[in-house]
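Descriptive structure summary
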Amino acid sequence: MEDDIVKVIEQNSKSKIAVKSAIDRRMFNKQFAFANAGIGLMPYTSFGSTKIKLEKDMYDVIIIGGSYSGLAAAMTMGRSIRKTLVIDSGKPCNAQTPHSHNFITQDGAAPSHISTLAKEQVLEYPTVSFKNDEVTNVEGSDGNFEVSTLSQNRYKTEKLIFATGVKDLMPAIEGFADCWGITAIHCPYCHGYEVKSKNTGIFVNDESAADFAKLILNWTGDLTIYSNGTAVFDKEEVSKLGVYVVEEEISLIQHKNGYMTQLDFKDGTSADIDALYHRTKYEQHCKIPEQLGCELTETGHIQVNDFQQTNVPGIYAVGDATTPFRAVSIANASGAKAAFILNHELITQQYQ
Ligand SMILES: Cc1cc2nc3c(=O)[nH]c(=O)nc-3n(C[C@H](O)[C@H](O)[C@H](O)COP(=O)(O)OP(=O)(O)OC[C@H]3O[C@@H](n4cnc5c(N)ncnc54)[C@H](O)[C@@H]3O)c2cc1C
């Protein structure tokens, strides 16, 4: 069983061994941040190679969600020599997009390439494990959470990081979901450059229409707002920008493998189109943080402070679940930041 694998950490550093002989075993454990992993019971072996058995029944942290934000947190936890388990159900929000942009060193890479590479690098750290599974329930409180999964496994952990993202809710227009992440676009910073100067639409019908138009005009002057029904925004304000407004209801988005070609309207008319921006509705991908008492913001994100801590002690949240600024770079940054603070919290608790 993967769970029962005894991980061996080769510790060749003479300075660490000198420390070991100089202080008692408990202090040694604290020094290397393993006090919570039960290794005080484990025998040490030779000077050149110290075997540390990490007990499977108490993790320092379980990270729920193993995409960009979760893996970024996991890398920092691994580098902090923390016993870490990542559990991921394999449904990142950008799965359908062929190319991910605006993340340095990986501009234009497939999303799965970035996450596969990240996972490989994270799993180089021997204190980190990864499970393909879905977390279905969490009980307990700071210092002693119990995590249950779809495949009937249970794990105990001191701390939790939710890196579970959001689920985009597709509008009920035939063809939209097929184009999502390809030519149906959520964010100009991710995909605007690739469709610059093209025949572009914005699918919006609220007070944000004029501001949305001003933003997208930065990438193309060939712009139409499709309100999919009577416009509720100030049409004159939009027209002054040189942007057309079409109020007919859309019946179908015609496309070839996600690359849209034409909008068909319910009145029988149609319009050519290359790309359509839309801010989808969304919901938390995982409802467990709310069940545990984590507060949400007005925008439906998990409320966190500057250190990615929720209002529930011992529970952190990172990535898209916590912010409307959706980008791989931002998800990464928040994961790393949470792990810095979480590790510091564990150290503080060790020395209390
Ligand atoms: C269509 C689209 C295209 C995008 N293109 C770009 C781009 O080009 N460049 C860019 O920088 N950003 C892009 N983004 C934004 C970027 O993808 C997100 O900001 C990023 O994926 C957020 O990472 P995350 O780890 O917070 O969440 P996600 O990547 O959504 O991952 C959440 C993970 O948590 C898992 N999970 C959820 N619940 C559970 C549970 N109960 N148990 C276990 N696992 C669970 C999910 O399966 C998933 O793997 C795009 C987004 C979309 C929607």
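Just so we're clear, the structure is a prediction, and the values are computed from it rather than from any experiment.

All right, on to the overall build of the protein then. Scanning the protein from terminus to terminus reveals ten helices and 17 strands. When burial is assessed residue by residue, the protein has 39% of its 352 residues classed as buried. Considering only intrachain contacts with a sequence separation of at least 6, the fraction spanning at least 24 residues in the protein is 57%.

Among the 40 residues in the neighbourhood of the ligand, the closest are listed as Gly 65, Ser 67, Gly 165, Gly 181 and Gly 319. The set of elements that each furnish at least two residues to the shell around the ligand consists of α3 (68–79), β2 (84–88), α6 (188–191) and α10 (328–350). Three or more residues apiece are contributed to the shell around the ligand by two domains, here domain 1 (2–167 + 282–350) and domain 2 (171–277).

Judged by pairing direction, the sheet is parallel, and its five strands sit side by side in the order β8-β15-β9-β10-β11 without closing on themselves. Of all the strands in the sheet, the pair left with one neighbour each is β8 (184–185) and β11 (244–246). Taken together, the two bridges between β8 and strand β15 (residues 275–277) define a ladder with parallel strand orientation. Looking at β15, one finds that Ala 184 is bridged to Leu 276. The sheet contacts of helix α7 (residues 209–217) involve β9 (200–203), β10 (223–226) and β15, and relative to β10 the element is tilted by about 150 degrees.

Moving on, we come to the sheet that holds strand β12 (residues 250–256). Taken together, three strands build an open sheet; the order of strands is β12-β13-β14 and the sheet is antiparallel. The open sheet has two edge strands, β12 and β14 (270–272), and neither has a second partner. Strand after strand, the sheet turns through a mean of 25 degrees between neighbouring axes, direction not considered. Of the strand pairs in this sheet, strand β13 (residues 259–265) and β14 are connected by three bridges, and their pairing is antiparallel. Counted as the bridge partner of Leu 263 is Ala 271 from β14.

Let us now look at the environment of Ile 173. Position of Ile 173 relative to the elements: it lies in the loop between β7 (166–169) and α5 (176–179). For Ile 173 and Ser 251, which are 78 residues apart along the polypeptide, the C-alpha to C-alpha distance reads 6.4 Å. Once residues lying within four places of it in the same chain are set aside, the contact partners of Ile 173 are Ile 250 and Ile 253.

The next thing to look at is the pairing of strand β3 (residues 128–132). Summarising the sheet, β2 and β3 pair through five bridges and their orientation is parallel. By the bridge assignment, Asp 88 is partnered in β3 with Asn 132. Following the backbone out of β2, through helix α4 (residues 111–122) and into the adjacent parallel β3, one traces a crossover that is right-handed.

Core analysis: the largest hydrophobic core is formed by 47 residues, its most contacted members being Ile 62, Ala 73, Leu 160, Ile 161 and Phe 162. In terms of residue count, α3 provides more of this core than any other element does, seven residues in total. Here Ile 62 is in contact with Leu 85, Ile 87, Val 147, Tyr 155, Thr 157 and Leu 160, once residues within four sequence places are set aside. With 29 residues, the next largest nonpolar core counts Ala 184, Phe 203, Val 243 and Ile 253 among its residues.

What follows is about α7. Among the residues of α7, Ala 209, Ala 210, Phe 212, Ala 213 and Ile 216 are the ones counted as buried. Along the axis of α7, the buried positions cluster into a sector of 160 degrees, meaning they face one direction only. For α7, exposure combined with an orientation more than 90 degrees from the buried face picks out Asp 211 and Lys 214. Next to the buried residues of α7 lie α6, β9, β10, α8 (235–239) and β15.

Let us look at the confidence of the model for the protein. The predicted model of the protein averages 88 in pLDDT, with 84% of residues at 70 or higher. Low pLDDT, under 50, characterises residues 1–55; the stretch is placed with 54 contacts to residues that sit more than four places away or in other chains.

Here we take up the environment of Gly 201. On the secondary structure map, Gly 201 appears in strand β9. Put simply, Gly 201 and Ile 216 are 15 residues apart on the chain and 9.2 Å apart in space, counted from C-alpha to C-alpha. Discounting chain neighbours no more than four positions away, the residues touching Gly 201 are Thr 224, Tyr 226, Ile 273 and Leu 276.

The next point concerns the packing of α3 against α4. To describe two helices that pack against each other, one gives the angle between their axes and the distance between the axes. One way to put it is that α3 packs onto α4 with a least axis distance of 9 Å and a crossing angle of 20 degrees. Of the possible angle classes, the one that applies to α3 and α4 is roughly parallel. The chirality of how α3 crosses α4 is left-handed. Counted together, Tyr 68, Leu 71, Ala 74, Met 75 and Gly 78 of α3 and Ser 115, Ala 118, Lys 119, Gln 121 and Val 122 of α4 form the full contact between these two elements. For the contact of α3 with α4, a count of residues per class yields six nonpolar, three polar and one charged.

Each value, and the rule that gives it
- Residues numbered from 1 in each chain as written.
- Predicted model: local features only at pLDDT ≥ 70, side-chain atom pairs only at ≥ 80, totals over all residues.
- Helix = DSSP H or I, 4+ residues; strand = E, 2+ residues; numbered from the N terminus.
- Buried ≥ 20, exposed ≤ 12 C-beta atoms within 10 Å, placed from the backbone.
- Contact = placed C-beta atoms within 7 Å.
- Near = placed C-beta within 6 Å.
- Domains from an automatic or database assignment.
- Pairing = 2+ DSSP bridges.
- Axes fitted to C-alpha atoms, helices over the stretch in contact; angles between N-to-C directions.
- Right-handed = clockwise from strand over helix to strand, strands pointing away.
- Core = buried A, V, L, I, M, F, W, Y, C linked by C-beta atoms within 7 Å.
- Arc of directions from axis to C-beta.
- pLDDT = per-residue confidence, 0-100.
- Parallel < 35°, antiparallel > 145°, perpendicular 65-115°, else oblique.
- Left-handed = near helix turned anticlockwise from the far one by under 90°.
- Nonpolar A, V, L, I, M, F, W, Y, C, P; charged D, E, K, R; others polar.

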